[in-house]
Structure formats: C-alpha cells, structure tokens
Amino acid sequence: MIGNLNHVAIVVPNLDAGTAVYRDTLGAKVSAPMDIPEHGVTTVFVELPNTKIELLHPLGEKSPIAKFLENNPNGGVHHVCYEVKDIQAAAKKMVDEGARVLGDIKIGAHKKPVLFLHPKDFCGTLVELEQA
Ligand code: CO
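The structure reproduced in this document is the subject of the present report.

The rules behind the values
Residues numbered from 1 in each chain as written. Predicted model: local features only at pLDDT ≥ 70, side-chain atom pairs only at ≥ 80, totals over all residues. Heavy atoms only, no water. Helix = DSSP H or I, 4+ residues; strand = E, 2+ residues; numbered from the N terminus. Pairing = 2+ DSSP bridges. Salt bridge = Lys/Arg side-chain N within 4 Å of Asp/Glu carboxyl O. Buried < 20%, exposed > 50% of the residue type's maximum accessible area, 1.4 Å probe, protein only. Core = buried A, V, L, I, M, F, W, Y, C linked by side-chain atoms within 4.5 Å. Contact = heavy atoms within 4.5 Å. Arc of directions from axis to C-beta.

**Digging into unusual backbone geometry**
Part 1 of the reasoning: In this model, Lys111 sits at a positive phi of 65°, which is unusual for a non-glycine residue.
Part 2 of the reasoning: Relative to the helices and strands, Lys111 is located in the loop between strand 7 (101–107) and strand 8 (113–117).
Part 3 of the reasoning: Of note in this structure, Cys123 is not a glycine but carries a positive phi near 60°.
Part 4 of the reasoning: Position of Cys123 among the secondary structure elements: in the loop between strand 8 and strand 9 (126–131).

Right, dumping it as structure tokens:
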C-alpha cells in the first residue's frame, strides 16, 4: 500500500543551528523557515534527490511537538511519512488491520490529506500517511 518515503521529520531545539547542520555541514539544499500556525510548528524543508527532511521547531504555546522536545532536549526523529494513493482507503485498511489511527484525516503541511498512526503499532515510530 505505501509508496515513496515523502519525508522524515526531525524536531530540533534550535532551527538555525539545525538548518546550518544540513546546509553547511551536510551540504544540502534547504528552504527558508516557514511558520505553519495551524500545526504549531516552524519548519525548514531539506531537499534531497529522493526525499525530504523536515526540520520542525515548536511554534506557539500549544505546539504538538513541545512535549517531544521536552523529552528529547537534543531533538530527534519525530515521524516518517509514506505516500499513499488514497487516504480514505488507507485509513480504512489501517482500522481493518487493527492499527490505531490518531485523530482524523487532516490537511498536512503540504496542503494534502494526511493521517497519523500510533507508534506502538509501527515499530515504535510515529507514521504519517500522505495522499500523494
Ligand atoms: Co510530516
């Protein structure tokens, strides 16, 4: 069912420092920081030839990644995002397979429908599915 790896999201305690690591140390192409208030994050997209890395930093008081950063003060991998053709069909399959879908299908950072799956059902990793 899943297709390409769309992105790996990494929470960073300092967005400028994280951006510098990817741009300068690793020599990758990085975007300018973008505030996404509806998701409570500021993000920098790192473009790789075959996928993306998204550096995430909390934005606002109620950021959903604030707790993650508290627990992982140096930052860390937050989720992986796989592409699917049909998000509704994917959601149904996940429920049928007994996996826990977190919340409802939402419009993600790329303006496409996404849903999140519980890490306990996916090898300890938060999984995002995005309709490509
Ligand atoms: Co994501």
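**Focus on the pairing of strand 7**
When a strand is regular, its side chains alternate between the sheet's two faces.
Part 1 of the reasoning: Of the pairings in the sheet, the one linking strand 7 to strand 8 comprises 4 bridges and is antiparallel in character. If you follow Leu102 over to strand 8, its bridge partner there is Phe116.
Part 2 of the reasoning: Between strand 7 and strand 8, which follow one another and run antiparallel, lie 5 residues, and Lys111 among them has a positive phi close to 65°.

**Focus on the pattern of salt bridges**
Part 1 of the reasoning: Per the counting criterion, the structure on display carries 6 salt bridges.
Part 2 of the reasoning: A salt bridge links Glu70 to Lys67, with the nearest nitrogen and oxygen atoms 3.8 Å apart. One end of the pair, Glu70, and the other, Lys67, are both in helix 2 (residues 66–71), 3 residues apart, so they sit about a helical turn from each other.
Part 3 of the reasoning: Take Lys67: its relative accessible area is 53%, and that puts it in the exposed class.
Part 4 of the reasoning: Across the pair Arg100 and Asp121 runs a salt bridge, and its minimum N-O distance is 2.8 Å. Here Arg100 is found in the loop between helix 3 (87–96) and strand 7, whereas its partner Asp121 is found in the loop between strand 8 and strand 9, with 21 residues between them in sequence.
Part 5 of the reasoning: The exposure class of Arg100 is partly exposed, given its relative accessible area of 40%.
Part 6 of the reasoning: Classification of Asp121 by relative accessible area gives partly exposed; the value is 28%.

**Brief notes about the nonpolar core**
Here is a general trend for soluble globular proteins: nonpolar side chains tend to be buried in one another's company.
Part 1 of the reasoning: In this structure, Ile10, Ile53, Leu55 and Leu129 are the most contacted members of the largest nonpolar core, which totals 21 residues.
Part 2 of the reasoning: When residues of this core are traced back to their parent elements, those giving at least two are strand 1 (5–11), helix 1 (15–25), strand 4 (41–47), strand 5 (52–58), strand 6 (76–84), helix 3, strand 8 and strand 9.
Part 3 of the reasoning: Ranked by the residues each element gives to this core, the list is headed by helix 3, at 4 residues.
Part 4 of the reasoning: For Ile53, the contacting residues outside a window of four places in its chain are Val8, Ile10, Tyr22, Val44, Phe45, Val46 and Leu48.

**A short note on the side chain of Ser63**
Part 1 of the reasoning: By the element assignment, Ser63 lies in the loop between strand 5 and helix 2.
Part 2 of the reasoning: Contact partners of Ser63, with chain neighbours within four places excluded, come to Gly40, Val41 and Pro58.

**Examining helix 3**
Part 1 of the reasoning: When we look at burial in helix 3, the residues that qualify are Ile87, Ala90, Ala91 and Met94. Angular distribution of buried residues about the axis of helix 3 spans 100°; they occupy a single face of the element. Turned more than 90 degrees from where helix 3 packs its buried face, Gln88, Lys92 and Asp96 sit exposed.
Part 2 of the reasoning: Positive phi shows up at Gly98, right after helix 3, with a value of about 85°.

In short, geometric facts, not functional conclusions.
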